[in-house]
Amino acid sequence: QVQLVESGGGLVQAGGSLRLSCAASGSIFSIDAMGWYRQAPGKQRELVATFTSVASTDYADSVKGRFTISRDNAKNTVYLQMNRLKPEDTAVYYCNSPRAIAAIPEYDYWGQGTQVTVSS
């Protein structure tokens with residue numbers, strides 16, 4: 001029932017841009033409540049962008065001003081526009097539900113992720 005499918009990653013030079021897409025489904029999910037995470041080798045997973053309960057957006061300090069989260073409710077899809085990419089943005093990017101992760105201890109559903117590699 002739970003499905004998380006990320007796409008749009010790739011190899012890009014520093015300063016370039018990518019747009020990631022996430023198709024989410026399942027009774028636990030609401031597109032309006034989704035967020036983007038990333039995990040680099042040897043580092044902990046971090047939340048980088050999310051919609052909040054007041055219909056606003058929050059971003060990690062490391063990506064503020066460069067990344068933008070958006071959604072298309074009709075397509076059940078969440079996007080992450082990434083501009084002015086830096087080598088430290090290199091990671092596997094995942095979409096998921098911060099609400100579910102915080103509220104349900106047994107919740108451990110993750111998609112394939114999409115690899116973003118920034119060179120320079």
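This text follows the structure it describes.
Residues numbered from 1 in each chain as written. Predicted model: local features only at pLDDT ≥ 70, side-chain atom pairs only at ≥ 80, totals over all residues. Heavy atoms only, no water.

Chemist: Run through the overall build of the chain, naming residues and quoting values.
Modeler: Within the chain, the secondary structure is distributed over 1 helix and 10 strands. The N-to-C order of helical and strand elements in the chain reads β-β-β-β-β-β-β-β-β-α-β. Dimensions of the chain, computed from the C-alpha atoms along their principal axes, are close to 40 × 30 × 25 Å. Looking at the chain residue by residue over its 120 residues, the buried ones come to 42%. Considering only intrachain contacts with a sequence separation of at least 6, the fraction spanning at least 24 residues in the chain is 57%. (Helix = DSSP H or I, 4+ residues; strand = E, 2+ residues; numbered from the N terminus. Buried < 20%, exposed > 50% of the residue type's maximum accessible area, 1.4 Å probe, protein only. Contact = heavy atoms within 4.5 Å.)

Chemist: Which residues make up the sheet that holds strand β9 (residues 91-96), and what values go with them?
Modeler: Reading across the sheet, the 6 strands line up as β2-β10-β9-β4-β5-β6 and stay open at both edges, with mixed pairing between neighbours. Across the chains shown, the open sheet's two edge strands, defined by having one partner strand only, are β2 (10-13) and β6 (57-59). With strand direction ignored, the average angle separating the axes of adjacent strands in the sheet is 25 degrees. Inspection of the sheet shows β2 paired to strand β10 (residues 114-119) by 4 bridges, in the parallel sense. Its bridge partner being in β10, V12 is matched across the sheet by V118. (Pairing = 2+ DSSP bridges. Axes fitted to C-alpha atoms, helices over the stretch in contact; angles between N-to-C directions.)

Chemist: An account of the state of the cysteines is requested, with residue identities and associated values reported.
Modeler: Enumeration over the complete set of coordinates arrives at 1 disulfide. At a sulfur-sulfur separation of 1.8 Å, the disulfide partner of C22 is C95. Between C22 and C95, the disulfide has an S-S torsion of 65 degrees and is therefore right-handed. With a gap of 73 residues between them, C22 in strand β3 (residues 18-25) and C95 in strand β9 connect regions that are remote in the sequence. The exposure class of C22 is buried, given its relative accessible area of 0%. Taking the relative accessible area as the measure of exposure, C95 reaches 1% and is therefore buried. (Disulfide = S-S within 2.5 Å.)

Chemist: Run through the packing of aromatic side chains, naming residues and quoting values.
Modeler: This model, assessed by the stated rule, comprises 3 aromatic pairs. Consider the rings of Y37 and W110, whose centres lie 5.3 Å apart with planes at 85 degrees: the pair is edge-to-face. On the criterion of sequence distance, the pair formed by Y37 in strand β4 (residues 35-39) and W110 in the loop between α1 (98-103) and β10 is long-range, its members being 73 residues apart. Take Y37: its relative accessible area is 7%, and that puts it in the buried class. (Phe/Tyr/Trp six-rings, centres within 6.5 Å; stacked < 30°, edge-to-face > 60°.)

Chemist: Any chance you could break down the environment of N73 for me, citing the residues and the numbers?
Modeler: In this structure, N73 sits in the loop between β7 (67-72) and β8 (77-82). The partly exposed category is assigned to N73, whose relative accessible area is 44%. Between the C-alpha atoms of N73 and I31, which are 42 residues apart in sequence, the distance is 6.5 Å.

The quantities given are spatial measurements derived from coordinates; they are silent on function.
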